[in-house]
Amino acid sequence: MVTQISSLNGQALRKAAELIRSGEVVAFPTETVYGLGANAFSDDAVKKIFALKGRPADNPLIVHVALGYDISLLIDCEPNYAPKLRAAFLPGPLTMVYPSTGKVSRYVSCGLNTLAIRVPASPAAQAFLKAVDLPVAAPSANLSKHVSPVTARHVYDDFDGKIELILDGGPCSGGIESTVLDCTGEIPQILREGLVTREMIASVAGDCGVYHAKAGEKPKSPGMAYKHYSPRCKTAYCRSAEEAMALYRAESEAGGTPCVLCERAAAENLKHCKTLVLGASGEEMARNLYALLRQGEKSATLLIGIEPKERGGVMAGVLNRFSRAFGGNHET
Ligand code: TXA
Ligand code: MG
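Since the model is a prediction, treat every value here as computed from it, not as a measurement.

Before going further, it helps to examine helix H4 (residues 123-132). Within the span of H4, buried status applies to Ala 124, Ala 125, Gln 126, Phe 128, Leu 129 and Val 132. Those residues of H4 that are buried lie in contact with helix H1 (10-21), strand E2 (26-28), strand E4 (62-64), strand E7 (136-138) and strand E8 (165-168). One or two positions beyond H4, positive phi appears at Asp 133, with a value near 60°.

Right under this line is the structure:
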C-alpha cells in the first residue's frame, strides 16, 4: 500500500471521510499529537487500530467528535461539574471520561463501562471530524510504546505502507497528549496529566484529584500502566549535569554517540556535549519533547535525559512523559 501525506484541502478531506466511512483508518492532526482514527461505531474498523499499532487489547481508546456533536447519545449520566468543564475547556486538550451508553463499538472501551470523549481544538482536527460526521476512535498515531507523533512525517515513519492517508496539518502546537479526566465520581480526577492542569480544572469544578494506581491495582487508565514514549536507543535518566557528563564520557569512550536532552538552563553547563534543548517554559518543553526524542533516537546510541527543574503548570504532564521516556521514576 502506498501511504499518501496530504495537506488539508477539500479533496483530501473528502477522501479521508470516504476512507473512515468504509471502515479504514486515517491519521489526522490535533493540537496535542497526531491521531490514528477509525469509525467508533464499527467493530472491524476499531480492531484495525489495535492491530496496526500493536496495542494491548485492554487499553481503551478516546472517541473524538466535532464541536457541536451531540454526545448525549454516547454518555449516560454526568455529574454537575461536567457541563461547566466542557464550557470552560472545550474544544481543547481535555478528554473527559463518562459513564457510557454502550453505543460505540465495544472494542473502544475494552470492556470498561465508561467512554473517553475529546473535542480537539485544532481547526485541522475539526475540519476532519466535520467532514467525517461520525465519532472517531483514535489513539496517538505511533506504534505501541514508541514516542507519540507531532508531525505527519513522524506518523509516516511508523506507518509507511500500512495506512492509505495521513492528513498533514503541520507540527502540533501543544505537543503532549490531552489531560484524561475521570468524570464519573463526585469530584473530577485526573488519570493522565496534560495541557489542561489540575489547577485549571479545580478552578472551574471546585476540586480536582490526581489518580495514582496503588501497587498491584489495575489502573483506572490502563494506558498509564504500559511502557510508553520510548525512543529506539539506549536511554539514561539523570538529575544533574555532572551525572550526565559522566555517562556522556563513558559512552563516547566506548565508541558510542551520546546526546543529552535537557532544559535550556542545564544545556548551558554542557558546552562540549551534543545536546537537544527542550526550551525554558513548560509550554515550550511540551511542544518540543516528542520531536526531540524522535530526532535523538535517529543519531544517538545513548540519549541522556536531565530532569527539568522547571515546575508548575504543564510541567506535571511534561515530567510524566519525560520520566517514562527515559525510564526515570519521577512521581507526578
Ligand atoms: O491528545 C490525545 O489524547 C491524543 C490525540 C490523538 O487525541 N490521543 C491519545 O490517545 O493520546 P492514546 O490512546 O494514546 O491515549 C489514551 C489514554 C490511554 O491512557 C487510555 O488508557 C486512556 O486514555 N483511556 C481511554 N479510554 C478510557 C476510559 N474509558 N477510562 C479510562 N482511561 C481511558
Ligand atoms: Mg498513546
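Structure's up, so let's keep going.
What follows deals with the packing of H1 against H4. Remark: H1 packs on H4, axes separated minimally by 8 Å, with the N-to-C direction vectors making an angle of 55°. Between H1 and H4, the crossing angle belongs to the class labelled oblique. Judged by the twist between their axes, the crossing of H1 over H4 is right-handed. From H1, Leu 13, Ala 16, Ala 17, Ile 20 and Arg 21 reach across to H4, where they touch Ala 127, Phe 128, Ala 131 and Val 132. Its residues assigned to classes, the contact of H1 with H4 shows 8 nonpolar, no polar and 1 charged.

Looking now at the nonpolar core. As a rule of thumb, soluble globular proteins bury nonpolar side chains together. Formed by 72 residues in total, the largest nonpolar core has its most connected members in Val 108, Ile 163, Ile 201, Leu 261, Tyr 290 and Leu 293. Summarising the domain contributions, this core has at least three residues from each of domain 1 (4-210) and domain 2 (234-326). Apart from the residues lying within four places of it in its own chain, the contact partners of Val 108 are Ala 40, Val 46, Pro 60, Leu 61, Val 63, Leu 115 and Ala 137. One finds Ala 17, Val 26, Ala 138 and Leu 167 within the second-largest nonpolar core, a separate group that totals 16 residues.

Moving on to the pairing of strand E3 (residues 35-39). The buried fraction of E3 is high, at 5 of 5 residues. Taken together, the 3 bridges between E2 and E3 define a ladder with antiparallel strand orientation. Directly across from Ala 27, in E3, lies its bridge partner Leu 36. Between E2 and E3, which pair antiparallel and follow one another directly, the connecting turn spans 6 residues. In the sheet, E3 pairs with E7 via 2 bridges, with the strands oriented antiparallel.

Right, let's get into the layout of surface pockets. In this model, the largest pocket occupies a volume close to 700 Å³. Along the wall of the largest pocket there are 45 residues; nearest its centre are Arg 55, Pro 60, Ile 62, Arg 192 and Ser 221. For the lining of the largest pocket, the secondary-structure elements that each account for two or more residues are E4, strand E6 (114-118), strand E9 (179-182) and strand E10 (189-192). With 4 residues, the single largest contributor to the lining of the largest pocket is E6.

This part takes up the pattern of salt bridges. Considering all chains together, one arrives at 12 salt bridges under this definition. Ionic pairing is found between Glu 164 and Lys 15, a salt bridge with its closest N-O pair at 3.1 Å. Of this pair, Glu 164 sits in the loop between helix H5 (152-159) and E8 while Lys 15 sits in helix H1, placing them 149 residues apart in sequence. Under the relative-accessibility criterion, Glu 164 is labelled partly exposed at 30%. A relative accessible area of 31% places Lys 15 in the partly exposed class. The salt bridge involving Arg 239 is made with Glu 307; its shortest N-O contact spans 3.4 Å. A residue pair is termed long-range when its members are at least 10 positions apart, and Arg 239 in the loop between strand E12 (234-238) and helix H7 (241-253) and Glu 307 in the loop between strand E15 (302-306) and helix H10 (315-326) qualify at 68 residues. Within this structure, Arg 153, Asp 157 and Lys 298 form a network of salt bridges that share partners.

What follows deals with the domain arrangement of the chain. We note that the domain assignment places domain 1 (4-210) and domain 2 (234-326) within the chain. With centres defined by C-alpha atoms, the gap from domain 1 to domain 2 works out at 29 Å. With 22 residues of domain 1 at the interface, the matching set in domain 2 holds 14 residues. In total, about 1,500 Å² of surface goes out of reach between domain 1 and domain 2, with carbon and sulfur atoms giving 56% of it. When the area that domain 1 buries against domain 2 is broken down by residue, the three leading residues are Val 147, Ile 176 and Glu 193, summing to 36%. Counting across the interface, domain 1 meets domain 2 through 3 salt bridges. Residue Arg 321 is joined to Glu 177 by a salt bridge in which the shortest nitrogen-to-oxygen separation is 2.9 Å. There are 10 residue pairs in polar contact (both at pLDDT 80 or more) connecting domain 1 and domain 2.

The next subject is helix H2 (residues 43-53). Here H2 has its buried residues at Ala 45, Val 46, Ile 49, Phe 50, Leu 52 and Lys 53. As for H2, its buried residues are in contact with E3, E7 and H5. Directly after H2, the chain includes Gly 54, whose backbone phi takes a positive value near 70°.

What counts, and at which threshold
- Position labels on residues start from 1 in each chain and follow its written sequence.
- Labels follow written order: the first chain is A, the first ligand is 1, and so on.
- Restriction of local features to residues with pLDDT of at least 70 applies here, the model being predicted, together with a cutoff of 80 or more for giving and counting side-chain atom pairs; totals for whole chains, interfaces and linings are based on all residues.
- The side-chain quantities take in all heavy atoms of the structure and omit both hydrogens and water.
- Throughout this description, buried means an accessible area under 20% of the type-specific maximum (1.4 Å probe, protein chains only), exposed means over 50%, and partly exposed covers the range between.
- Helical segments are the DSSP runs of H or I of at least four residues, strand segments are the runs of E of at least two, and each set is numbered from the N terminus.
- Should any heavy atoms of two residues lie within 4.5 Å, those residues are considered in contact.
- Axis angles are defined between N-to-C directions and span 0 to 180 degrees, where every axis is a line fitted to C-alpha atoms and, for a helix, only to the segment in contact.
- An angle below 35 degrees is treated as roughly parallel, one above 145 as roughly antiparallel, one from 65 to 115 as roughly perpendicular, and anything else as oblique.
- For any helix crossing, the convention is left-handed if the near helix is rotated counterclockwise from the far helix by under a right angle, and right-handed if that rotation is clockwise.
- Residue type decides the class: Asp, Glu, Lys and Arg count as charged, Ala, Val, Leu, Ile, Met, Phe, Trp, Tyr, Cys and Pro as nonpolar, and the leftover types, Gly among them, as polar.
- Buried residues of nine kinds, namely Ala, Val, Leu, Ile, Met, Phe, Trp, Tyr and Cys, make up a nonpolar core once their side-chain atoms join them within 4.5 Å.
- An automatic or database domain assignment provides the domain bounds reported here.
- Paired strands, as defined in this entry, are two strands with at least two bridges between them according to DSSP.
- The way it works is a 1 Å grid over only the protein atoms, where trapped points that fit a 1.4 Å probe form a cavity and open points with protein on both sides within 12 Å along at least five of seven lines form a pocket, and then any residue with an atom within 4 Å of a point lines it.
- Grid points are joined across faces, edges and corners, and a volume is the space filled by probe spheres set on the points.
- Salt-bridge detection follows one rule: a side-chain nitrogen of Lys or Arg within 4 Å of a carboxyl oxygen of Asp or Glu.
- Throughout, the accessible surface (probe 1.4 Å) given up by two parts as they are put together, summed over both, is called the buried area.
- We call two N or O atoms a polar contact when they sit within 3.5 Å, provided that within protein one can donate a hydrogen and the other can accept it, with sequence-adjacent residues counted only if both atoms are side-chain atoms.

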